[in-house]
2 protein chains.
Amino acid sequence: MPNQDHSIGCSVEHVLGMVSGKWKPIILFELFQETKRFSQLQQAIPNITRQVLTTQLRELEKDGLISRKVYPLVPPKVEYTITNLGRKFKGVLDQIEQIGESIVKKKTTLK
Amino acid sequence: MPNQDHSIGCSVEHVLGMVSGKWKPIILFELFQETKRFSQLQQAIPNITRQVLTTQLRELEKDGLISRKVYPLVPPKVEYTITNLGRKFKGVLDQIEQIGESIVKKKTTLK
DNA sequence: CGGCATCCCTTACGATACTG
DNA sequence: CAGTATCGTAAGGGATGCCG
């Protein structure tokens, strides 16, 4: 059943929600570069608490955008890697970034 | 000052917020097609209350994605039109829609 | 090191009733 | 027709403390 109606809008809403967390775009930008440990993400993103970082990572993992690998060591070591699905969002976020720049540019031009 | 740090993530977050309202993508899809009246949007989007539709439209207008034209008539007539800035989001939303489809396809393949 | 449990606060969203 | 005003609820995010 091909959808012509609002199931389209519905799926868009769902996918949009996958990257709409307050810190998710930043986390993804970090992981687009390379696989990183939890502590590396904490350092790369100051102002985020462990609790919130954990939550956002869990959601990204649940939605299949990143994968989580635990090394059974003491002390613990956990690595987060972008998945193929997660990589598909790079184009989207880059476009959004460009729109952001065009808005900033327009603002400065106005003054 | 060219930004290498998180002002990038910050602007992305801001732009993302512009389209992250629960109904905003749907509203934009409607207005990508053509200028529409308030009542047309209501009919096109069942399940949305007037209050919420009004709020989302006001936010889209405030962020410059749509423009609002009031015809001083009785009964009132108000038209909403996508702006140039708003049109820039078409590519983003189309990409997101494609990702959504790829996810749905993968799910059915798994079963 | 990388969590989870708990509490709090703000915001988004929604239902309903009234109005120029 | 196209709103505003008011109220209620739920979710997202944040601060802090404990744990294997």
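Because the structure is predicted, anything quoted here is derived from the model rather than measured.

### Side note on the sheet that holds strand 2 (residues 66-71) of chain A
Residues and elements named next belong to chain A. Read from one edge to the other, the open sheet built from three strands follows the order 1-3-2, with strand pairing classed as antiparallel. Looking at which strands have only one partner, the edges of the open sheet turn out to be strand 1 (36-37) and strand 2. Where strand 2 lies against strand 3 (residues 77-82), six bridges are found, and the strand directions are antiparallel. Residue pairing in the sheet places Ile-66 in a bridge with Ile-82 of strand 3.

### Observations concerning the protein's contact with DNA strand D
Near DNA strand D you find 22 residues, and of these A:Lys22, A:Trp23, B:Arg50, B:Arg68 and B:Tyr80 are the closest. Counted by atom, the contact set of DNA strand D within 4 Å of the protein is 61% sugar and phosphate. One of the backbone nitrogen or oxygen atoms of A:Lys22 is found 2.6 Å away from a phosphate oxygen of DNA strand D. Here A:Trp23 contributes a side-chain N or O atom positioned 2.6 Å from a phosphate oxygen of DNA strand D. Elements with a minimum of two residues in the surface near DNA strand D: helix 4 (50-62) of chain A together with helix 3 (38-44), helix 4 (50-62) and strand 3 (77-82) of chain B. Partitioning the surface near DNA strand D into residue classes produces eight nonpolar, seven polar and seven charged.

### A look at the relation of the copies chain B and chain A
For the pair chain B and chain A, the best superposition has an RMSD of 0.1 Å and corresponds to a rotation of 180° with a translation of 0.0 Å parallel to the axis. Both chain copies can therefore be described as sitting about a two-fold axis. By C-alpha distance to the rotation axis, the residue of chain B lying nearest is B:Val92, at 2.8 Å. Here 100% of the interface residues in chain B have copies in chain A that are interface residues too; the copies meet face to matching face.

### Points about the UniProt feature "domain: HTH hxlR-type" (unreviewed entry) in chain A
As annotated by UniProt and renumbered to match this structure, "domain: HTH hxlR-type" (unreviewed entry) occupies residues 10-108 of chain A. Across residues 10-108 of chain A, helical content stands at 65% and strand content at 14%; the span's end C-alpha atoms are separated by 36 Å.

### Re helix 4 of chain A
With 13 residues, helix 4 of chain A extends 18 Å between its outermost C-alpha atoms, agreeing within 8% with the 18 Å of an ideal straight helix rising 1.5 Å per residue. Downstream of helix 4 of chain A by a residue or two, A:Gly64 has a phi angle that is positive, lying close to 80°.

### Regarding the pairing of strand 3 of chain A
Residues and elements named next belong to chain A. Taken together, the two bridges between strand 1 and strand 3 define a ladder with antiparallel strand orientation. Note that in strand 3 the partner of Lys-36 across the bridge is Tyr-80. In textbook terms, the turn of a hairpin is the stretch between consecutive antiparallel strands, and for strand 2 and strand 3 this stretch comprises five residues.

### So, the interface of chain B and chain A
Counting residues at the interface gives 31 residues for chain B and 31 residues for chain A. Summing both partners gives a buried area of about 2800 Å² for chain B against chain A, and 75% of it is carried by carbon and sulfur. Here chain B is connected to chain A by zero salt bridges. Counting across the chain B and chain A interface gives five residue pairs in polar contact (both at pLDDT 80 or more). Secondary-structure elements contributing two or more residues to the side of chain B that touches chain A are helix 1 (7-18), helix 2 (24-33) and helix 6 (89-110) of chain B. At 11 residues, the largest contribution of residues to the side of chain B that touches chain A is made by helix 6 of chain B.

### Some details on the packing of aromatic side chains
All names here are of chain A. Under the counting rule described, the total for this entry stands at two aromatic pairs over all chains. Look at Phe-29 and Phe-32: their rings are 6.1 Å apart centre to centre, the planes differ by 85°, and that puts the pair in the edge-to-face class. One end of the pair is Phe-29 and the other is Phe-32, both in helix 2 (residues 24-33) and three residues apart, which spans about a single turn. Looking at Phe-29, the relative accessible area reads 16%, which means it is buried. Judged by its relative accessible area of 13%, Phe-32 is buried. The ring of Tyr-71 has Lys-77 sitting right over it, with the charged end atom 4.9 Å from the ring centre.

### Some points on the protein's contact with DNA strand C
Near DNA strand C there are 22 residues, and of these A:Ser39, A:Arg50, A:Arg68, A:Tyr80 and B:Lys22 occur at the shortest range. In DNA strand C, atoms within 4 Å of the protein come from the sugar-phosphate backbone in 62% of cases. Here a phosphate oxygen of DNA strand C sits 3.0 Å away from a polar atom, N or O, in the side chain of A:Arg58. Split into classes, the residues belonging to the surface near DNA strand C amount to eight nonpolar, seven polar and seven charged.

Parameters and conventions
Residues numbered from 1 in each chain as written. Chains lettered and ligands numbered in written order. Predicted model: local features only at pLDDT ≥ 70, side-chain atom pairs only at ≥ 80, totals over all residues. Heavy atoms only, no water. Pairing = 2+ DSSP bridges. Helix = DSSP H or I, 4+ residues; strand = E, 2+ residues; numbered from the N terminus. Near = heavy atom within 4 Å. Polar contact = N/O pair within 3.5 Å; in protein donor to acceptor, adjacent residues only side chain to side chain. Nonpolar A, V, L, I, M, F, W, Y, C, P; charged D, E, K, R; others polar. Least-squares fit on C-alpha atoms with pLDDT ≥ 70 in both. Contact = heavy atoms within 4.5 Å. UniProt positions renumbered as here; feature names shortened; annotations may be inferred. Expected span 1.5 Å × (residues − 1). Buried area = accessible area lost by both parts, 1.4 Å probe. Salt bridge = Lys/Arg side-chain N within 4 Å of Asp/Glu carboxyl O. Phe/Tyr/Trp six-rings, centres within 6.5 Å; stacked < 30°, edge-to-face > 60°. Buried < 20%, exposed > 50% of the residue type's maximum accessible area, 1.4 Å probe, protein only. Lys NZ or Arg CZ within 6 Å of the ring centre and 35° of its normal.

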